[in-house]
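# Structure assessment
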Amino acid sequence: MSQQSGIGIAFIGSGSTVPEVALDNQALSQIVETSDEWITSRTGIRQRYLSGADGSLRAIATQAAQNALEMSGVPAAELDLIILATSTSDDLFGTASQIQSDLGAVKAVAFDLTAACSGFVFGMVTAAQFIRAGTYQNVLLIGADILSRWVDWTDRRTCVLFGDGAGAVVMQACEGASDRLLGFEIRSDGSQNDCLTLAYQAEPRALINGVTVGQGTYQPIAMNGQEVYRFAIKRVPEVIEKALHRAHRTTDQVDWLLLHQANQRILDAVAQRLGIPNEKVISNMANYGNTSAASIPLALDEAVRQGRVQAGDVIAASGFGAGLTWGAAIFQWGKSAP
Ligand code: UT7
């Protein structure tokens, strides 16, 4: 899939942000019957950040985007495309255009993309098609979610897992010989959709005799945790191996394993199945919980800013979650060839 000629893709900036208010496991145990010990040992999560009642997806996504643009050196006015991967849009018609306006990205087209916790990887692949086709040069990809809006705060099986946040990367067209998106694979299986849902439920409303519409709202997140766990540890190694095959790379050529930050036990199991040592696994969920579409760019940005991820490093990223959806992308960080 990597191109020697034609148009390549470089990853030239990252940014992230989380809301100000942190809720640790101890505080959570005052809300539902749980304990720091249970949450830490079953998930690795110690705290999460929550967007307050006045918080907006628009605000955190815009902040993450500005941080990524600053690192990239690309002025907002030079952006051609903005993709916002999210399942928690402020507005069901889309939030991306609001971000476009806030950034002053006057010539960019902007749209939302929904693929739950796989949204960032799906967004990366979508952005890549526009760049490779020669349609767009500068693309801003944001992954952002405020799942706290849709969590059932009386359900200890789910409410301990999620947090709010936003992350972004800037992708730019480059020479085909310097292509840094080495391979990818994305998948869906709707037959398992009921394992993880945030579903609309209609209330019938009669307009006139014989004409009834459904006007309801979304129901809180419902998850069969064990099914999703089994799905993740089977499908994620498979899809990474497929993407690596397309990238003409082997697992020992991977510098960083960057998985959706759902559960430390999933990260450990996937790394073990792939034979990737723990020190190559990027993990920050202890601090943030599962931030859905934001988790991969949030962890990437942190690792880049800490100087752990360096230009030229090979990253195997994989998102997985509701849909069910899953996918992997093998890419090299940074502007210049190693
Ligand atoms: O981004 C979307 C992707 N989502 C995921 O990747 C989630 C994947 N699944 C998981 O990470 C795990 O299945 C969970 C962390 C959600 C649950 O861990 P588990 O080891 O599968 O626990 P379990 O559901 O089998 O529950 C074990 C016990 C149960 O008690 P009993 O029936 O054995 O008496 C639960 O009621 O733990 C109980 N339990 C809790 N206890 C204290 C469940 N949640 C809690 C809690 N605190 N928060």
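For the structure itself, look to the data block above.
Rules behind the numbers
Residues numbered from 1 in each chain as written. Predicted model: local features only at pLDDT ≥ 70, side-chain atom pairs only at ≥ 80, totals over all residues. Heavy atoms only, no water. Pairing = 2+ DSSP bridges. Helix = DSSP H or I, 4+ residues; strand = E, 2+ residues; numbered from the N terminus. Axes fitted to C-alpha atoms, helices over the stretch in contact; angles between N-to-C directions. Contact = heavy atoms within 4.5 Å. Near = heavy atom within 4 Å. Polar contact = N/O pair within 3.5 Å; in protein donor to acceptor, adjacent residues only side chain to side chain. Areas by Shrake-Rupley, 256 points an atom, 1.4 Å probe, with all protein chains shown as cover. Core = buried A, V, L, I, M, F, W, Y, C linked by side-chain atoms within 4.5 Å. Buried < 20%, exposed > 50% of the residue type's maximum accessible area, 1.4 Å probe, protein only. Domains from an automatic or database assignment. Salt bridge = Lys/Arg side-chain N within 4 Å of Asp/Glu carboxyl O. Phe/Tyr/Trp six-rings, centres within 6.5 Å; stacked < 30°, edge-to-face > 60°.

### Here we look at the sheet that holds strand E5 (residues 109-113)
- Taken in spatial order, the five strands line up as E1-E7-E6-E4-E5 in an open sheet, and their pairing is mixed. Looking at the sheet topology across the chains shown, the edges are occupied by strand E1 (7-17) and E5. Sheet twist, expressed as the mean angle between neighbouring strand axes with direction ignored, is 20°.
- Examined bridge by bridge, strand E6 (residues 138-145) and strand E7 (residues 165-175) share eight bridges and lie antiparallel to one another. Note on E7: the bridge partner recorded for Ile 142 is Ala 168.
- Packed on one face of the sheet, helix H3 (residues 57-72) meets E1, strand E4 (81-85), E6 and E7 and runs near 125° to E1.

### Structural notes on the site of the ligand
- In the neighbourhood of the ligand, 23 residues make up the surrounding shell, with Thr 34, Arg 42, Gln 226, Asn 263 and Asn 290 lying closest.
- Within the contact set of the ligand, an oxygen atom lies 2.9 Å away from a side-chain nitrogen or oxygen of His 260.
- Considered on its own, the ligand offers 960 Å² of accessible surface; in the complex 75% of this is hidden by protein.
- Here the element with the most residues in the shell around the ligand is helix H7 (residues 225-246); it accounts for four residues.

### Let's talk about the nonpolar core
- Ile 240, Leu 257, Val 270, Phe 320 and Ile 330 are the most contacted members of the largest nonpolar core, which has 48 residues in total.
- Among the secondary structure elements, those contributing two or more residues to this core are H7, strand E15 (256-259), helix H8 (264-274), strand E16 (314-321) and strand E17 (325-332).
- The element contributing the most residues to this core is H7, with nine residues.
- Residue-level mapping places this core at the junction of two domains, with at least three residues from each of domain 1 (7-178) and domain 2 (181-191 + 222-282 + 293-332).
- Formed by 37 residues, the second largest nonpolar core is a distinct cluster that contains Phe 120, Ile 131, Ile 315 and Phe 331.

### Thoughts on the pattern of salt bridges
- Under the defined criterion, the tally for this structure stands at 10 salt bridges.
- One salt bridge in this structure joins Arg 58 and Asp 102, with 2.7 Å as the shortest N-O distance. Remark: Asp 102 occurs in helix H4 (residues 96-103) and Arg 58 occurs in helix H3; sequence separation between them is 44 residues.
- Exposure remark for Asp 102: the relative accessible area of 34% places this residue in the partly exposed category.
- Between Asp 90 and Arg 149 there is a salt bridge; the shortest N-O distance is 2.9 Å. On the criterion of sequence distance, the pair formed by Asp 90 in the loop between E4 and H4 and Arg 149 in the loop between E6 and helix H6 (156-159) is long-range, its members being 59 residues apart.
- Look at Asp 90 and you get partly exposed, because its relative accessible area is 32%.

### So, the packing of aromatic side chains
- Using the criterion set out here, one finds six aromatic pairs in the structure.
- With 5.5 Å between their ring centres and 80° between their planes, Phe 231 and Trp 326 make a pair best called edge-to-face. With a gap of 95 residues between them, Phe 231 in helix H7 and Trp 326 in strand E17 connect regions that are remote in the sequence. There is no split in this pair, since Phe 231 and Trp 326 are both buried.
- An aromatic cluster of at least three residues, connected via ring pairs, comprises Trp 150, Tyr 200 and Tyr 218.

### Observations concerning unusual backbone geometry
- With an omega of -10°, the peptide bond running from Gly 323 to Leu 324 counts as cis.
- In this structure, Leu 324 sits in the loop between E16 and E17.
- The residue His 248 is not glycine, and still its phi comes out positive at about 55°.
- Tracing the sequence through the fold places His 248 in the loop between H7 and E15.
- The class of His 248 is exposed, set by a relative accessible area of 66%.
- Positive phi, close to 60°, is recorded for Ser 292, a residue that is not glycine.
- Tracing the chain through its elements places Ser 292 in the loop between helix H9 (285-288) and helix H10 (295-305).
- For Ser 292, a relative accessible area of 2% translates into the label buried.

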